[in-house]
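Residue-level structural notes
Chain residues, written in single-letter form:
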Amino acid sequence: MPEYQWAVRNGEIITADYDRSMALNGDQVKTEIKNAFESLGNTVNIESVSDELSEVYKVSIPRNGQILEVYVCAKGTTPGGRNNLMDEQRIQQKAKYLNYTFEKLEEGEKAISLGVYKMNSEVVFCAWRLMRSNAASPETPISKQIKINTIARALTEGFVQQDKGRGEYACAFRKEFIYFYLNNSDWLHTGHVSELAEHSTPEQDYSTSDNSHISGIESKFPRNRIVFGAPGTGKSFTLNKEKDDLLKNGGEYERVTFHPDYSYASFVGTYKPVPCVDSDGKDAITYKYVPGPFMRTYIKALKNMKTDNPLPYLLIIEEINRANVAAVFGEVFQLLDRDEDFVSEYPVRASEDIKKYLAEELGGCAEDYAEIKIPDNMFIWATMNSADQGVFPMDTAFKRRWNFDYISINHNENDIKGNFVNLGSGIYRRAIEWNELRKAINDALSSYKINEDKLLGPYFLSRNIVVPSEGNEIDEDVFVSAFKSKVLMYLFDDAAKQKRSSLFDGCKETTKYSSICKEFEKRGVEIFCKEIRDKFPRIISVVAESGEEYKY
């Protein structure tokens, strides 16, 4: 047998032979998982979910008079197996085991996928992001790998992440970190832990009875809500109207827009240099905790809880999927799980910085705020446009914590019906209703099998352009400029990128954006394909010898 690398006590890496008798069997794996969950003094029950699914275990953990159930898909790790690599461990878990556990996760249960590494008496748990397998057969083994160096570091450091590429991490940890991993597994595989001390909470209080976070505010609107739809369907407009409804009797809101470089420090808060005046009256720089929009809204909501007039406090996030939400939310992500009173079901441990800041803002001492929950008077709403290029995907665990409201492609069209603009010049000039032109373009895109989230909503061009302040005639110069820079560019570069020659069939040159814009200025809707042109027939005037004018 070839020699493989092994991690042993004190994180040393050695080289030694391997034979199959060294692999952990099902009973040994089960024992190590049980020992880990009992490491904090709990007495847990663990059993396979069925004979058919022998490597999926249901762990029942007592917590404050309740039972927390965790589904663990687990197997002992073995060395090698990929291109004869000697420096990694792997598991080969059957697709049916992974898919059953993933389905439990989608149903809202706690569910994780583990590999158990054991050399001599040293045990390290390896964890990978739980995902559905699309293998053709339920019996197909699915391989997951982790480097032996990562396991060695876990032996000395306690908890380690390994960058797998594409923004995904594998984790390795000693048994003392099992609860930390369990409570943060939703984001640990997609977000990097820069300072473990700020996140480490090996034991959580699963109690949900905290009246200090319950105001009793009733609302027809969900607390966590994402409004999504095609570009221009009025997502922000809808949230803005319903924001006014939510806050009609008082309360406050804050709006933030996510982008690819947006971070946890910007969203929640962090220490930053700020200007001050020193004891000599000179300008100086000091460092203090500066809250982000989440923490500002959170503080306002908690302060309001101490009054006799509970009010809603709303955080609006525009373009939520244009940032890496797992990294931006960090441990706050766990707070999004709300109980029947709309309070965070699972609290998270506050960092020393946050505890100190909360004490300064709310009174008391820092230790009074060792754990934080979102109160029921704090609402978080967001917009999401899945048609944008470069957006970050959201995993199922994140999505299930939100209510999703879909705005269909024609939902907000009533305000723009009948509004028209004169396009083209000379024989090409005609009055075109924007809403009908938009629908004609959408019909053409749909015929090319382009998804609905790529179509044009009523307000793809902003409301102040397509809704005249008086009458129904849209300003031609403003419309043409916006149509070229927004609609034509979007169609050319994105929605119809692979169908340019078909969509712009009326143009002589379809490979250059500038040529299409130039022809649009002169010929208006004539630049489009026959299916669109035919919906806006050209009106030709002829004067008969009698002097009577005929239009056709």
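Below is a short write-up of the structure. These figures come from a predicted structure and were not determined experimentally. (Residues numbered from 1 in each chain as written. Predicted model: local features only at pLDDT ≥ 70, side-chain atom pairs only at ≥ 80, totals over all residues. Heavy atoms only, no water.)

Any two aromatic rings considered together are summarised by their centre-to-centre distance and by the angle between their planes. In the structure shown here, the tally under the stated rule is 36 aromatic pairs. Look at Phe 329 and Trp 402: their rings are 6.3 Å apart centre to centre, the planes differ by 90 degrees, and that puts the pair in the edge-to-face class. With a gap of 73 residues between them, Phe 329 in helix H8 (residues 325-329) and Trp 402 in the loop between helix H10 (396-399) and strand E21 (403-407) connect regions that are remote in the sequence. With relative accessibility at 0%, the residue Phe 329 sits in the buried group. Owing to a relative accessible area of 6%, Trp 402 belongs among the buried residues under this scheme. Each residue in the set Phe 258, Tyr 262, Phe 267, Phe 294, Tyr 298, Phe 329, Phe 333, Phe 398 and Trp 402 is aromatic and connected to the rest through ring pairs, giving one cluster. It is Arg 223 that lies over the ring of Phe 342; its NZ or CZ is 4.2 Å from the centre. One cation-aromatic arrangement involves Arg 225 over Trp 381; the distance from NZ or CZ to the ring centre is 4.9 Å. (Phe/Tyr/Trp six-rings, centres within 6.5 Å; stacked < 30°, edge-to-face > 60°. Helix = DSSP H or I, 4+ residues; strand = E, 2+ residues; numbered from the N terminus. Buried < 20%, exposed > 50% of the residue type's maximum accessible area, 1.4 Å probe, protein only. Lys NZ or Arg CZ within 6 Å of the ring centre and 35° of its normal.)

For the rest of this paragraph, the subject is the sheet that holds E21. The sheet built from five strands is open, its strands ordered E14-E17-E20-E13-E21 with parallel pairing. Both outer strands of the open sheet, strand E14 (252-257) and E21, are each paired with one neighbouring strand and no more. Pairs of neighbouring strands in the sheet enclose a mean axial angle of 20 degrees, with direction left out of account. Relative to strand E17 (residues 313-318), E14 runs parallel, the two being bridged by six bridges. Pairing of Glu 254 across the sheet is with Leu 315, part of E17. Helix H7 (residues 293-305) rests against E14, E17 and strand E20 (378-384) of the sheet, and its axis sits at about 165 degrees to E17. (Pairing = 2+ DSSP bridges. Axes fitted to C-alpha atoms, helices over the stretch in contact; angles between N-to-C directions. Contact = heavy atoms within 4.5 Å.)

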